[in-house]
Amino acid sequence: MTAGIEHTAPTNHRRLSIAMIGTRGVPAAYGGFETAIEEIGRRLVDRGHDVTVYCRRAAQPVPKEYLGMKLVELPALRHKILETLSHTGMSVLHATLHRPADVAFVFNAANAPFVPLLRLRGIPSVVHVDGLEWKRGKWGGAGRRYYRWAEEVSVREADALIADAQGIVDYYRDEFSIPTELISYGTRILQDTPTDRLAELGLRPGGYHLVVARFEPENHVDVIVEGYRASAARLPLVVVGSAPYAANHITRISDLAASDSRIRMLGSVWDQDQLDQLYTHANTYLHGHSVGGTNPSLLRAMGAGTKVIAWDVVFNREVLGVDGAYFARAESLSALLEDAELNPERVAEVAAALQRRAEELYNWDSVTDSYEQLARRVAVGYSSHRQSTGRAGVSMWSLSDSLSKQPSTALSRGISS
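Summary of the structure given here.

Cut-off values and rules
Residues numbered from 1 in each chain as written. Predicted model: local features only at pLDDT ≥ 70, side-chain atom pairs only at ≥ 80, totals over all residues. Heavy atoms only, no water. Helix = DSSP H or I, 4+ residues; strand = E, 2+ residues; numbered from the N terminus. Contact = heavy atoms within 4.5 Å. Areas by Shrake-Rupley, 256 points an atom, 1.4 Å probe, with all protein chains shown as cover. Buried < 20%, exposed > 50% of the residue type's maximum accessible area, 1.4 Å probe, protein only. Polar contact = N/O pair within 3.5 Å; in protein donor to acceptor, adjacent residues only side chain to side chain. Pairing = 2+ DSSP bridges. Axes fitted to C-alpha atoms, helices over the stretch in contact; angles between N-to-C directions. Phe/Tyr/Trp six-rings, centres within 6.5 Å; stacked < 30°, edge-to-face > 60°. Lys NZ or Arg CZ within 6 Å of the ring centre and 35° of its normal.

**A look at the overall build of the protein chain**
- Scanning the protein chain from N- to C-terminus turns up 16 helices and 15 strands.
- Here the contacts in the protein chain between residues at least 6 apart in sequence split such that 73% fall between residues at least 24 apart.
- For the protein chain, the accessible area works out to roughly 17300 Å², and carbon and sulfur atoms hold 50% of it.

**Here's the deal with helix α9 (residues 272–280)**
- For α9, the buried fraction is high: seven of the nine residues fall into the buried class.
- Along α9, the residues classified as buried are Q274, L275, D276, Q277, L278, Y279 and T280.
- Taken together, the buried residues of α9 touch α6 (196–199), β10 (209–212), β11 (237–240), β12 (263–267), β13 (284–287) and α10 (296–303).
- With a side-chain oxygen lying 3.0 Å from the backbone nitrogen of D273, the N-terminal cap of α9 falls on D271.

**Some words on the sheet that holds strand β15 (residues 325–327)**
- Spatial strand order, β12-β11-β10-β13-β14-β15: six strands in an open sheet with parallel pairing. Looking along the sheet, the strands with just one partner apiece sit at the ends: β12 and β15. Ignoring which end each strand starts from, the neighbouring axes of this sheet average 25 degrees apart.
- One ladder, built from three bridges, connects strand β14 (residues 307–311) with β15; its direction is parallel. Residue pairing across strands places W311 opposite F327, the latter belonging to β15.
- Contacting β10, β13, β14 and β15, helix α12 (residues 330–342) runs over the sheet at an angle of about 150 degrees to β15.

**Concerning the packing of aromatic side chains**
- Taken as a whole and judged by the stated rule, the model has nine aromatic pairs.
- Note on F105 and Y371: the rings are 5.2 Å apart at their centroids and 55 degrees apart in plane angle, and the pair reads as tilted. With F105 in strand β6 (residues 103–107) and Y371 in helix α14 (residues 364–379), this pair connects stretches of sequence that are 266 residues apart.
- Look at Y171 and Y172: their rings are 5.1 Å apart centre to centre, the planes differ by 90 degrees, and that puts the pair in the edge-to-face class. Here Y171 and Y172 have matching classes, each one buried.
- The structure contains a cluster of three or more aromatic residues connected by ring pairs, namely Y146, Y147 and W149.
- Across the ring face of Y326, the terminal group of R317 is positioned such that the distance to the ring centre comes to 4.1 Å.
- Taking the ring centre of Y382 as reference, the NZ or CZ of R377 above it sits at 4.4 Å.

As structure tokens, this is what we get:
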């Protein structure tokens, strides 16, 4: 799904050297950015481009190459705030000391302060701004101020910005008067998914509700657990996830779950085949994310053909459309869970409709087309650099919880691909 600025793709089809900076890297085993890089990067390689992915050093060394992408492994400080920034700083230094890429994709607006260094080396840069990170409760005042400042830097210094949801495009337009490319994520359409890995967990197909999320306040895992506890649901709730820097929140969720024998806490699940089976065979997938844009876990559930009950926020409504079910309180979730168990035929109809929507709108080949076209445009001179002063305005986004506002005009008309 892509939209945004109208343009004509350039006719120059030369081989590009592309750097991917700012994530944990590949093979993808952690989050949405990593999955996006793996899916987009491998396709860019298939199209003849040179792709270099900067990876964080982990317990197991990464290979020198993966799916045709060149991998550069560098260290990072193990710290909530400094891990991402320290690794990006090392990556940008490496990129500037070696043969310069034709274009660098920098993921996460928090990493934008390093973009001027790429510019000094003559490397055009595209920043994927991600969600509204400054709204996350895990950040204190200093962290929130940093993220707001980093957004301003990305607006001033990048040659182009990418947003993965119309709501984020609206935010950058309203706050900074800057054009932003709308390029969402893709997802895999799962068919005939086996069930053997469910048996290892003592689960049966269609016999549980599922939530997969990092345990952060904005993902509302605690509200989901509360809503489930208050419901008369017969099927168990399976909770997959954790958080490396949120001990108090993890304790709260664990305490809530401990008082209900129907709730199963699995912790982190890194086995992607097992995760596929968990998504595919859930009765419902419960999605509490509220401050990001288009969330890959949500797309994964849709691609798996699972009914979704999601937090009522503009980003989730954009992705799910009329086939989504929405909640903003524990009480409303309780009713939706009970209804799902009472109406299995309706659950199957909604699940099939969401999978069709995912197949139509969230296709990795189309996403790669958009990245490739943007890379070519930037490589031959397109730039939004300095089009905006980069000063955030006083608007509804900063004065209120505008994430729960009604969808924009573009959204209410539907999504164009």
